[in-house]
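A look at the structure
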Amino acid sequence: MYATFEIMQKRGKFIIRTAITIVSAVVLVIVVCNVTVTIKTQSRCYDSIEEIPYNEYGLLLGTSPITPQGDHNYYYDNRIKATAELYHKGKIKRIIASGGDYSEQGGCNEVIAMRDSLMAYNIPDSAILLDYNGTRTLNSIKQAKNTYALDCATIISQEYHNERAIFLSNRYDIKAIAYNAKTPMIINKLIKNNLREYLARVKMFIDFF
């Protein structure tokens, strides 16, 4: 009986050590992926409208004006404002509004919403190109390269998102810079979005293989 207890105890310790090793490895992968993306791209993300260089095209990464919970999405507002600022300061000439149409699933047509919001900032319809294939950041970058044949672009989103988008752009031979839309100081959203971004960066590396 004692021998059986000793075997069970050893098995328990082995399981715990194995679990700790696996968790440590997962955490290490997440950290390495995130640090790599930030180090490689941070210098190409701009906060200053005066310092950011000119590009003909701005790539506005889509999100809905309304959250899945039905709340107002201030991340959306700030991306629209940042895009309008770039346009009216002469830092971009054309805008690709890249998102998805989720209206049939009870959601929002992000692309039309972005177009209408940009026009409300006195940006002409003729300057706005509609990309309905931007359901993922990866798709938005692929479209920019394959459909619009862009070699360079200014990406517009929040900083954490911009870094990943620039990293993806490198993969598709687009010389991208980014303009950081302000990140709303809503604590629960910050935590949720940052956690999601950590995992999105790991998925990005998986997609490369």
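For the structure, check the block above.
Since the model is a prediction, treat every value here as computed from it, not as a measurement. (Residues numbered from 1 in each chain as written. Predicted model: local features only at pLDDT ≥ 70, side-chain atom pairs only at ≥ 80, totals over all residues. Heavy atoms only, no water.)

1. As for the overall build of the protein
So the rule is basically this: The numbering of helices and of strands both runs from the N terminus, where a helix is a DSSP run of H or I of at least 4 residues and a strand a run of E of at least 2. Computation of the radius of gyration draws on C-alpha atoms, with the globule rule given as 2.2 Å multiplied by the number of residues to the power 0.38. Accessible area is worked out with a 1.4 Å probe on protein chains only. A residue is then buried under 20% of its type maximum, exposed over 50%, and partly exposed in between. Pairs of residues are marked as contacts when any of their non-hydrogen atoms sit within 4.5 Å. Residue exposure ignores everything except the shown protein chains as possible cover, and the areas themselves are Shrake-Rupley values with a 1.4 Å probe. Two residue types count as positive, namely Lys and Arg, and two as negative, namely Asp and Glu; His and chain ends fall outside the count. The atoms used to mark charge sites are NZ of Lys, CZ of Arg, CG of Asp and CD of Glu.
Per the secondary structure count, the protein includes six helices and six strands. Secondary structure elements of the protein, listed N to C terminal, follow the sequence α-β-β-α-β-α-β-α-β-α-β-α. Over its C-alpha trace the protein gives a radius of gyration of 21 Å, far above what one expects of a compact globule, namely 17 Å for 209 residues. With the C-alpha coordinates aligned to their principal axes, the bounding extent of the protein is approximately 80 × 35 × 30 Å. Across the 209 residues of the protein, 43% fall into the buried class. Considering only residue pairs separated by 6 or more positions, the protein has 71% of its internal contacts joining residues 24 or more positions apart. For the protein, the accessible area works out to roughly 11,900 Å², and carbon and sulfur atoms hold 59% of it. Here the protein contributes 25 positively and 20 negatively charged side chains, and the mean placements of these two sets differ by 8 Å.

2. Some points on the environment of K182
Relative to the assigned elements, K182 resides in the loop between strand 6 (175-181) and helix 6 (187-207). When its relative accessible area of 67% is taken as the criterion, K182 is described as exposed. Note: C-alpha distance between K182 and Y74 (108 residues apart in sequence) is 9.3 Å. With near-sequence residues (within four places) excluded, K182 lies in contact with N78 and Q158.

3. Describing the nonpolar core
Going by this rule: For this analysis, a nonpolar core means a set of buried residues of the types Ala, Val, Leu, Ile, Met, Phe, Trp, Tyr and Cys, connected via side-chain atoms within 4.5 Å.
Counting 24 residues, the largest nonpolar core has L59, I141, I155, M204 and F205 as its most contacted members. Of all elements in the fold, only helix 1 (2-41), strand 2 (57-61), helix 4 (137-146), strand 5 (152-158), helix 5 (159-171), strand 6 and helix 6 reach the threshold of two or more residues within this core. With four residues, helix 5 is the single largest residue contributor to this core. Residues within four places of F205 in sequence aside, it is in contact with C33, T36, V37 and F167. Judged by nonpolar contacts, the second largest core, of 22 residues, contains Y46, I52, A113 and I177.

4. A word on the pairing of strand 6
So the rule is basically this: Note on pairing: DSSP must find at least two bridges between two strands before they are called paired. Here is how to tell: hold the view so the strands point away, follow the path from the first strand over the helix to the second, and if it runs clockwise the crossover is right-handed.
In terms of residue burial, strand 6 counts as a mostly covered element, since six of its seven residues are buried. Sheet topology places strand 1 (residues 45-46) next to strand 6; two bridges connect them, and they run parallel. The partner of C45 across the bridge, within strand 6, is A178. Relative to strand 6, strand 5 runs parallel, the two sharing seven bridges. Across the sheet, residue S157 finds its bridge partner in strand 6, namely N180. In this fold, the crossover linking strand 5 to strand 6 by way of helix 5 has right-handed handedness.

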